[in-house]
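Chain residues, written in single-letter form:
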Amino acid sequence: PRSTQSRSSAASDVYKRQEEERIILVAGPHTSNWDFILALTAMFGLNVNVHWVGKHTIFKNGLSKIMKKLGGIPVDRTSPELLMNDIADIVKKYRGIIIAISPEGTRKKVTRLKSGFLRIAQETNGKIILAGIDFSTKCIHLSELFHPTGNKDEDLATVQDYFNKFEGKRPEFS
């Protein structure tokens, strides 16, 4: 994890980059619904154009319009190709954009991260930044640019190692 000063400069770097580029912000560990609240406050604090991927079930009933207005992109895991269509539409619409995603795909402990963020980065020509959510310090830590090697297993292990440095709200799921 970085010091406060470098975290601040990393946040500034994300802000500058999103003006021109596509950033895929890969966040974890995702262990609680509070992760979303923390992320929203960070988004509003940085004043950046962030869209985020969330499970389609949170977009039902009266919440759908609000969630989409907050930048939400629903994903139905039974139809991942629809997610890529939605992301392609958003990428065409905005010059600079940040797309946030949690590669765990759940708040529970997982043995293996999902690799969709690698595909999204490749298909949108996006750059990847890792975001470590640390509830022990109430901070979100941003990495330098992550450059995938092309070896999916190696890349997922690197991301998991980065997330292992941080304690989620529910550490037993980190």
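Just above, that's the structure.
All of the points below concern the structure found in this document.

1. Quick notes on the pairing of strand β5 (residues 127–134)
Judged by how many residues are buried, β5 sits mostly within the fold: seven of eight residues are covered. By the bridge criterion, six bridges tie strand β1 (residues 22–28) to β5 in an arrangement that is parallel. Its bridge partner being in β5, Leu-25 is matched across the sheet by Ile-129. The pairing of β5 with strand β6 (residues 139–146) spans six bridges and is antiparallel. Paired with Ile-128 across the strands is Phe-146, a residue of β6.

2. Looking at the sheet that holds β6
If you walk across this open sheet you meet the six strands as β3-β2-β4-β1-β5-β6, and the pairing is mixed. The open sheet terminates on both sides in strands that have one partner only, identified here as β3 (72–75) and β6. Pairs of neighbouring strands in the sheet enclose a mean axial angle of 25°, with direction left out of account. Where strand β2 (residues 50–55) meets β3, four bridges bridge the pair, whose relative direction is parallel. Considered in β3, the bridge of Lys-55 is made with Val-75. Contacting β1, β4 (97–101), β5 and β6, helix α5 (residues 116–124) crosses the sheet at an angle of about 175° to β1.

3. Details of the pattern of salt bridges
Under the counting rule described, the total for this entry stands at two salt bridges. Between Asp-153 and Arg-112 there is a salt bridge; the shortest N-O distance is 3.0 Å. Of the two residues, Asp-153 sits in helix α6 (residues 152–163) while Arg-112 sits in the loop between β4 and α5, which places them 41 residues apart along the sequence. With relative accessibility at 45%, the residue Arg-112 sits in the partly exposed group.

4. Topic: the pairing of β1
The buried count for β1 comes to six of seven residues, which makes it a mostly enclosed element. With five bridges connecting them, β1 and β4 associate as parallel partners. Bridge pairing in β4 places Leu-25 opposite Ala-100.

5. Description of the nonpolar core
Counting residues in each nonpolar core, the largest one holds 26 residues, and the members touching the most others are Ile-24, Val-26, Ile-87, Phe-117, Ile-128 and Val-159. Counting only elements with at least two residues in this core, the list comes to β1, β3, α4 (80–93), β4, α5, β5 and α6. Ranked by the residues each element gives to this core, the list is headed by α4, at five residues. Sequence-distant contacts of Ile-128, that is, excluding residues within four places in its chain, are made with Ile-24, Val-26, Phe-117, Leu-118, Ala-121, Glu-144, Leu-145, Phe-146 and Pro-148. Among the nonpolar cores identified, the runner-up in size contains 17 residues, and Met-43, Val-48, Phe-135 and Leu-142 belong to it.

6. Remarks on the packing of aromatic side chains
Where two aromatic rings form a pair, the distance of their centres and the angle of their planes describe that pair. Inspection of every chain in the model, using the stated rule, returns three aromatic pairs. What links up through ring pairs into an aromatic cluster is the set Tyr-162, Phe-163 and Phe-166.

What counts, and at which threshold
Residues numbered from 1 in each chain as written. Predicted model: local features only at pLDDT ≥ 70, side-chain atom pairs only at ≥ 80, totals over all residues. Heavy atoms only, no water. Buried < 20%, exposed > 50% of the residue type's maximum accessible area, 1.4 Å probe, protein only. Helix = DSSP H or I, 4+ residues; strand = E, 2+ residues; numbered from the N terminus. Pairing = 2+ DSSP bridges. Axes fitted to C-alpha atoms, helices over the stretch in contact; angles between N-to-C directions. Contact = heavy atoms within 4.5 Å. Salt bridge = Lys/Arg side-chain N within 4 Å of Asp/Glu carboxyl O. Core = buried A, V, L, I, M, F, W, Y, C linked by side-chain atoms within 4.5 Å. Phe/Tyr/Trp six-rings, centres within 6.5 Å; stacked < 30°, edge-to-face > 60°.

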